[in-house]
Amino acid sequence: MGLAAEVPAVKLQAMFEQDGGRIFSSQNLKRKVFGPWLQAKHASDGLRTVLTEQLGELNIGDLKHRVLIPTVNYSKGSGQFFKTPHAENFYTDYKHKLVDVGLATAAAPTYFPLHQMGDEGVFADGGLVGNSPGFFGLHEAHQVLGASREPGAVRVLAIGTMTLGATKRGGSGLDWGYKQWGAKLFDLVISTQEKSTDTLLGHLLGNDYMRIDDPATPDQSRDIEKLDLVTPAAIEVLKTRGTQAARAALGDSRFAPFRSHVAASPVFFHGPNKNSGN
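Residues numbered from 1 in each chain as written. Predicted model: local features only at pLDDT ≥ 70, side-chain atom pairs only at ≥ 80, totals over all residues. Heavy atoms only, no water.

(A) Structural view of the pairing of strand β1 (residues 68–73). Where burial is concerned, most of β1 is hidden: five out of the six residues are buried. Here β1 pairs with strand β2 (residues 78–83) via six bridges, running antiparallel. Across the sheet, residue Leu68 finds its bridge partner in β2, namely Lys83. Taking the residues that link successive antiparallel strands as the turn, the β1-β2 hairpin has four residues, and the phi of Gly77 there is positive, at about 70 degrees. With two bridges joining them, β1 and strand β4 (residues 121–124) adopt antiparallel strand pairing. (Buried < 20%, exposed > 50% of the residue type's maximum accessible area, 1.4 Å probe, protein only. Helix = DSSP H or I, 4+ residues; strand = E, 2+ residues; numbered from the N terminus. Pairing = 2+ DSSP bridges.)

(B) View of the packing of helix α4 (residues 45–55) against helix α5 (residues 98–105). Packing of α4 against α5 brings their axes to within 9 Å, and their N-to-C directions diverge by 140 degrees. Classified by the interaxial angle, the pair formed by α4 and α5 is oblique. Classified by chirality, the crossing of α5 by α4 is right-handed. Note on element contacts: α5 touches α4 through Leu98, Val99, Gly102 and Leu103, opposite Leu47, Arg48, Leu51, Thr52 and Leu55. Counted by class, the contact of α4 with α5 contains six nonpolar, two polar and one charged residues. (Axes fitted to C-alpha atoms, helices over the stretch in contact; angles between N-to-C directions. Parallel < 35°, antiparallel > 145°, perpendicular 65-115°, else oblique. Left-handed = near helix turned anticlockwise from the far one by under 90°. Contact = heavy atoms within 4.5 Å. Nonpolar A, V, L, I, M, F, W, Y, C, P; charged D, E, K, R; others polar.)

(C) Examining the packing of aromatic side chains more closely. Under the criterion given, the structure shown has four aromatic pairs. Between Phe82 and Phe123, the aromatic rings sit 5.5 Å apart at their centres with planes inclined by 55 degrees, giving tilted as the arrangement. Here Phe123 lies in strand β4 and Phe82 lies in strand β2, a separation of 41 residues in the sequence. Here Phe82 matches Phe123 in class, with each residue buried. (Phe/Tyr/Trp six-rings, centres within 6.5 Å; stacked < 30°, edge-to-face > 60°.)

(D) Region of interest: the sheet that holds strand β3 (residues 115–117). The antiparallel open sheet is built from four strands, whose spatial order is β2-β1-β4-β3. Single-partner strands in this sheet number two, and they are β2 and β3. This sheet shows a mean twist of 45 degrees between the axes of neighbouring strands, independent of strand direction. As defined by bridge partners, β3 adjoins β4 across three bridges and the pair is classed as antiparallel. Bridge pairing in β4 places His115 opposite Phe123. Contacts from α5 reach β1, β2, β3 and β4 within the one sheet, and its direction differs from that of β3 by about 140 degrees.

(E) Spotlight on the nonpolar core. In this structure, Leu47, Leu51, Phe82, Val101 and Met117 are the most contacted members of the largest nonpolar core, which totals 22 residues. Only α4 and α5 provide two or more residues apiece to this core. The greatest single-element share of this core, amounting to five residues, is contributed by α5. Excluding residues that lie within four positions of it along the chain, Met117 makes contacts with Phe82, His96, Asp100, Val101, Ala104 and Phe123. Judged by nonpolar contacts, the second largest core, of eight residues, contains Val156, Ala158, Leu201 and Tyr209. (Core = buried A, V, L, I, M, F, W, Y, C linked by side-chain atoms within 4.5 Å.)

So far we have only geometry, and geometry alone does not tell us how the molecule works.
What follows is the structure, given as structure tokens:
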């Protein structure tokens, strides 16, 4: 959403580097003492503050580029996808605040509280339904925008986040309860989703699909093993491995079409950026 709001990427990077301590912060003694047994590990106040600083009062309809943001509507028990009004029948999403949508899609179980969005319902992290949302983008291009299914007509570029494969240690037993699973269950869901999506998109699109990522070494994985680690070591690992992933991508022939492509201006049917006569 930040990129679609034309926030410079360098500013978004600085947000992750400098504001992690504010985003992931326990706000009271109860959270610190009882942790995930009674409440989410972190309150959402810090995340809301940082999102507001970056996105202000912008609505989805204020964006000049198409977006599709996956969330889980826990009130109805299914995925819900917030979108710019790039189809005539997308009547409502454009009215939502970006900050609200950000809090909804980031409400990771055990890490942040669920997020209420008015009459829309209560929302949980979009990673539960689409941690690697390339298929949703491909489907949107074909089914909503009417893109051709011919080779080369649609390309998908995935930017990974060094998601670690959630695995079980050999001596940890088999009969697990709440204590053993904890946040591991969420980590397992997003890890398996990401790997499955990556494999299937590769089969479906061939060289029209490219993923940029760089798995951590065993030593480095200890610095980034938890989603809410914001230590200098974690930041250093993410930055250096990201730089190496970028170097590799720049030398990959599959990346050339993404560098040279200039997207046509999107058509919006509702909201402040409406540019269709319908």
